[in-house]
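In case you want the letters, here they are:
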Amino acid sequence: GESVGLHLPTLSVQEGDNSIINCAYSNSASDYFIWYKQESGKGPQFIIDIRSNMDKRQGQRVTVLLNKTVKHLSLQIAATQPGDSAVYFCAEINNTDKLIFGTGTRLQVFP
Amino acid sequence: SAVISQKPSRDICQRGTSLTIQCQVDSQVTMMFWYRQQPGQSLTLIATANQGSEATYESGFVIDKFPISRPNLTFSTLTVSNMSPEDSSIYLCSVRSGRTYEQYFGPGTRLTVT
């Protein structure tokens with residue numbers, strides 16, 4: 001299918017290594033953040049979320065870190081697998097209650 | 001999470017024509033949204049589909065170009081009117097239950113305008 005994010009920043013990692021995908025957001029009033037995974041030809045898939053009153057949240061093989069001081073969000077994927085290859089987006093709920101997306105990062109996993 | 005389906009999954013249309021995209025959710029949801037994803041880009045919110053009233057459009061999007069209907073809590077349509085090649089994009093339906101901020105997406109409709 002068509003590749004999404006042909007001009008997006010790319011992170012290449014070796015299978016089994018940990019991946020860290022970063023995102024900067026602009027609205028200090030944003031209260032809620034979501035990370036999405038989008039595979040080629042599919043819609044974004046919800047991975048993990050975090051509220052602004054937290055600085056860390058863990059899921060299965062994924063951890064999201066939030067630094068409100070510098071308005072920075074990161075997604076850590078442990079033991080990266082070939083199936084993790086996709087474009088990853090951070091998104092924030094802004095002060096008008098709308099979900100707004102960041103620019104995205106393409107993750108490539110090589111053996 | 002809700003199961004969201006869209007029809008058609010893809011289409012190739014001639015300029016000047018219109019296409020209506022359908023979004024069906026398997027459960028009642030409070031909020032429904034339409035997004036556009038242009039080739040190689042991120043997602044941009046087009047509008048919030050309001051049940052029983054006119055949709056709320058984001059800056060740069062107007063009702064005459066993107067009329068939206070939402071007759072009930074599980075269904076919405078987006079029409080792309082008087083299409084031009086610049087409308088070639090993926091159009092995505094998204095829903096939020098209202099009890100939380102968790103928001104889910106349909107598979108998208110891939111539109112190519114020639």
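For the structure itself, look to the data block above.
A few points on the structure. (Residues numbered from 1 in each chain as written. Chains lettered and ligands numbered in written order. Predicted model: local features only at pLDDT ≥ 70, side-chain atom pairs only at ≥ 80, totals over all residues. Heavy atoms only, no water.)

**Topic: the nonpolar core**
Counting residues in hydrophobic clusters, the biggest one holds 45 residues, and the most contacted among them are Leu-99 and Phe-101 of chain A together with Trp-34 and Tyr-35 of chain B. When residues no more than four places from it in sequence are discounted, the contact partners of Tyr-35 of chain B are Leu-99 and Phe-101 of chain A together with Leu-43, Thr-44, Leu-45, Ile-46, Ile-90, Tyr-91, Leu-92, Ser-94, Gln-103 and Phe-105 of chain B. Counting 19 residues, the second-largest nonpolar core is a separate cluster that includes Phe-33, Trp-35, Ile-48 and Tyr-88 of chain A. (Core = buried A, V, L, I, M, F, W, Y, C linked by side-chain atoms within 4.5 Å. Buried < 20%, exposed > 50% of the residue type's maximum accessible area, 1.4 Å probe, protein only. Contact = heavy atoms within 4.5 Å.)

**A word on the environment of Pro-67 of chain B**
Residue and element names in this part refer to chain B. Checked against the element boundaries, Pro-67 lands in the loop between β6 (56–57) and β7 (68–72). As for Pro-67 and Val-80, which are separated by 13 residues in sequence, their C-alpha atoms are 7.3 Å apart. Non-local contacts of Pro-67, meaning those with residues more than four positions away in its chain, are made with Tyr-57, Thr-77, Leu-78, Thr-79 and Ser-81. (Helix = DSSP H or I, 4+ residues; strand = E, 2+ residues; numbered from the N terminus.)

**Section: the environment of Thr-48 of chain B**
Looking at the element boundaries, Thr-48 of chain B is found in strand β5 (residues 43–49). For the pair Thr-48 of chain B and Met-32 of chain B, spaced 16 residues apart in the sequence, the C-alpha separation amounts to 6.1 Å. The contacts of Thr-48 of chain B, once residues within four sequence positions are left out, are Lys-98 of chain A together with Met-32, Phe-33, Ala-55 and Thr-56 of chain B.

**Side note on the state of the cysteines**
All names here are of chain B. Applying the stated rule across the entire model yields two disulfides over all chains. Linked covalently through their sulfurs, Cys-23 and Cys-93 form a disulfide whose S-S length is 1.9 Å. Between Cys-23 and Cys-93 the sulfur-sulfur dihedral comes to about -65 degrees; the bridge is accordingly left-handed. Taken together, the positions of Cys-23 in strand β3 (residues 19–25) and Cys-93 in strand β9 (residues 89–96) put the pair 70 residues apart, joining distant regions of the chain. For the pair shown, Cys-23 and Cys-93 are each scored as buried. There is no disulfide at Cys-13, and the cysteine sulfur nearest it, in Cys-23, is 18 Å away. Its relative accessible area of 10% is what places Cys-13 among the buried residues. (Disulfide = S-S within 2.5 Å.)

**Considering the interface of chain B and chain A**
Taken together, the contacts link 22 residues of chain B with 26 residues of chain A. Taken together, both faces of the contact between chain B and chain A bury some 1900 Å²; the carbon and sulfur share is 55%. If you sort the residues of chain B by the area they bury against chain A, Gly-40, Tyr-101 and Arg-110 of chain B come out on top, with a joint share of 30%. The interface formed by chain B and chain A holds two salt bridges in total. (Buried area = accessible area lost by both parts, 1.4 Å probe. Salt bridge = Lys/Arg side-chain N within 4 Å of Asp/Glu carboxyl O.)

**As for the pattern of salt bridges**
Close approach of charged atoms lets side chains of opposite charge pair. All names here are of chain A. Evaluated as defined, the whole model comprises seven salt bridges over all chains. Here Asp-31 and Arg-51 are joined by a salt bridge, their closest N and O atoms 3.1 Å apart. Taken together, the residues Asp-31 in the loop between β2 (19–24) and β3 (32–38) and Arg-51 in strand β4 (residues 45–51) connect sequence positions 20 residues apart. Given a relative accessible area of 32%, Asp-31 falls into the partly exposed group. For Arg-51, a relative accessible area of 34% gives the class partly exposed.

**Structural notes on the packing of aromatic side chains**
Geometrically, a pair of aromatic rings is defined through the distance of the ring centres and the angle of the planes. Taken as a whole and judged by the stated rule, the model has twelve aromatic pairs over all chains. Seen in terms of ring centroids, Phe-66 of chain B and Tyr-91 of chain B are 6.4 Å apart; in terms of plane orientation they differ by 45 degrees. Their pairing is tilted. Of the two residues, Phe-66 of chain B is situated in the loop between β6 and β7 and Tyr-91 of chain B in strand β9; the sequence distance between them amounts to 25 residues. In this structure Tyr-91 of chain B comes out as buried when scored by relative accessible area, which is 0%. An aromatic cluster of at least three residues, connected via ring pairs, comprises Tyr-36, Phe-46, Phe-89 and Phe-101 of chain A together with Tyr-35, Tyr-104 and Phe-105 of chain B. (Phe/Tyr/Trp six-rings, centres within 6.5 Å; stacked < 30°, edge-to-face > 60°.)

**Here's the deal with the sheet that holds β3 of chain B**
Residues and elements named next belong to chain B. Here we have four strands laid out as an open sheet, ordered β1-β3-β8-β7, and antiparallel in their pairing. The sheet is open, and its two borders are formed by β1 (4–7) and β7, each paired with just one other strand. Taking each pair of neighbouring strands and ignoring which way they run, the sheet shows an average axis angle of 15 degrees. For β7 and strand β8 (residues 75–80), the ladder comprises three bridges, and the chain directions are antiparallel. (Pairing = 2+ DSSP bridges. Axes fitted to C-alpha atoms, helices over the stretch in contact; angles between N-to-C directions.)

Functional significance is not addressed by these values, which are geometric in nature.
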